[in-house]
Amino acid sequence: MAVDESHAPPPESLGADGTGPKPGAADVPSFADDVVTPCGRLLSRIWEQARDTAQAADPHISSCPHCREAAEGLSAVTAASQALRTGDRPGLEALADRVMNIVRAEVRLGRLLPLADPDRALRIAESAAAKVLRQAADRVPGARAAACRFVPVGDGVDLRVTMTLAAALDRPLPDRIHQVRRSVLRSAGQDLGLAVTAVDITVVDVLEQEPPCRPGLTPGGA
Amino acid sequence: MTVDRTTTLLDTAAEAALAVPGVAALQPRRSPRTAAAVASTGTDATPKGTRESGIRADRSPDGPGWRIEVRCILSFEGRRALEIAQNVHDRVRAAVISRLAALDAVERVTVEVTVTGVVTRYDLT
């Protein structure tokens, strides 16, 4: 369901499908946190109709996809609250697991970083960008990335990367770190399109032996 | 014109986004996924939601018009994430404007694109 959570009535009358009715004077929020759907209906009104089968059906609510989706979502809430009242423990635990999986997945996304286009609103989740840059670091033989974080630089789209990694000691560390930095910078620009201005690398562990090269990868990177 | 015969803005935006090369899927937002999770009685631990649940359509907070948010997962073999996201932005915006125009509603449309995940060739080996 896509809803306008600003709690303000929509500024004008066209539904999302262009055919929805005009929200009238009756669509004044009945409480402060009431929500307006994209077609201009109040969520409280949709719920009233969904619960009160004796009430005369509003033809818009039964035909509008936004209202139907909202009504279905509210029916699900009703079913869940009934499950709570009846104390169905296996059902409750399964429900809690499902909801927590979604919450964890949302948290794992991390912050949203700006892609290097100041004219459009384009962002990438920190977790997705970090995954790509860690793979870029791992392409350097004798290096294995651990954490990868991003720090905004100024008010624009520039970013600074901070990365920790484990490295083998068969070569001087500065050379290997330089290679990793180059690989990360190249991937940030060529694979992602992030404006990374600097890569800070901290070696936090020693690789006892070089990890086997993954199939299809050329030693030395990119 | 009835609602059932009309492609909604969410449908239009989802279709336009999924047609962009490099877009693997739309990432359902938290609220529809939570609603699906609550509604689900099966063993699926992570209900996926519909493709439209990766799109959010709101009235613009700063005046008439629409604000469309697209959350997508990319498979960007050979393409930059930036260029795919630009393509999604431009195609979704054009498709929604065109859809509104077909409904005699000329309105301002702003689009936000969020890349929530990437599938790389290393994920497939």
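Residues numbered from 1 in each chain as written. Chains lettered and ligands numbered in written order. Predicted model: local features only at pLDDT ≥ 70, side-chain atom pairs only at ≥ 80, totals over all residues.

Quick look at the overall build of chain A
- Helix and strand content of chain A: six helices and five strands.
- The linear arrangement of helices and strands in chain A, starting from the amino end, is α-α-α-α-β-β-α-β-β-α-β.
- The 222 residues of chain A split such that 32% are buried.
- Excluding contacts between residues fewer than 6 apart, the proportion of contacts in chain A whose partners are at least 24 apart in sequence is 57%. (Helix = DSSP H or I, 4+ residues; strand = E, 2+ residues; numbered from the N terminus. Buried ≥ 20, exposed ≤ 12 C-beta atoms within 10 Å, placed from the backbone. Contact = placed C-beta atoms within 7 Å.)

Brief notes about the overall build of chain B
- Counting its secondary structure elements, chain B contains three helices and four strands.
- Start at the N end of chain B and walk to the C end: the helices and strands fall as α-β-α-β-β-α-β.
- By the burial criterion, 46% of the 125 residues in chain B qualify as buried.
- Residue pairs in contact within chain B that sit at least 24 positions apart in sequence constitute 72% of those at least 6 positions apart.

Concerning helix H1 (residues 9-18) of chain B
- Here H1 of chain B lies mainly inside the structure; seven of its ten residues are buried.
- For H1 of chain B, the complete set of buried residues consists of Leu9, Leu10, Thr12, Ala13, Ala14, Ala16 and Ala17 of chain B.

Structural notes on the confidence of the model for chain B
- In the predicted model, chain B carries a mean pLDDT of 80, and 74% of its residues have values of at least 70.
- Contacts for the low-pLDDT stretch residues 1-7 of chain B, under 50 throughout, to residues beyond four places or in other chains number 14 contacts. (pLDDT = per-residue confidence, 0-100.)

Things to note about the confidence of the model for chain A
- Per-chain confidence: chain A averages 78 in pLDDT, with 70% of residues scoring 70 or above.
- Contacts from residues 1-26 of chain A, a stretch scored under 50 in pLDDT, to residues over four places away or in other chains number 75 contacts.

A word on the nonpolar core
- The biggest cluster of nonpolar side chains holds 62 residues, and the ones touching the most others in it are Ala13, Ala17 and Ala81 of chain B.
- Considering every element that reaches this core, the biggest residue donor is helix H3 (residues 81-102) of chain B, with nine residues.
- In terms of nonpolar packing, the next biggest core, distinct from the first, is built from ten residues, Cys39, Leu42, Leu43 and Ile46 of chain A among them. (Core = buried A, V, L, I, M, F, W, Y, C linked by C-beta atoms within 7 Å.)

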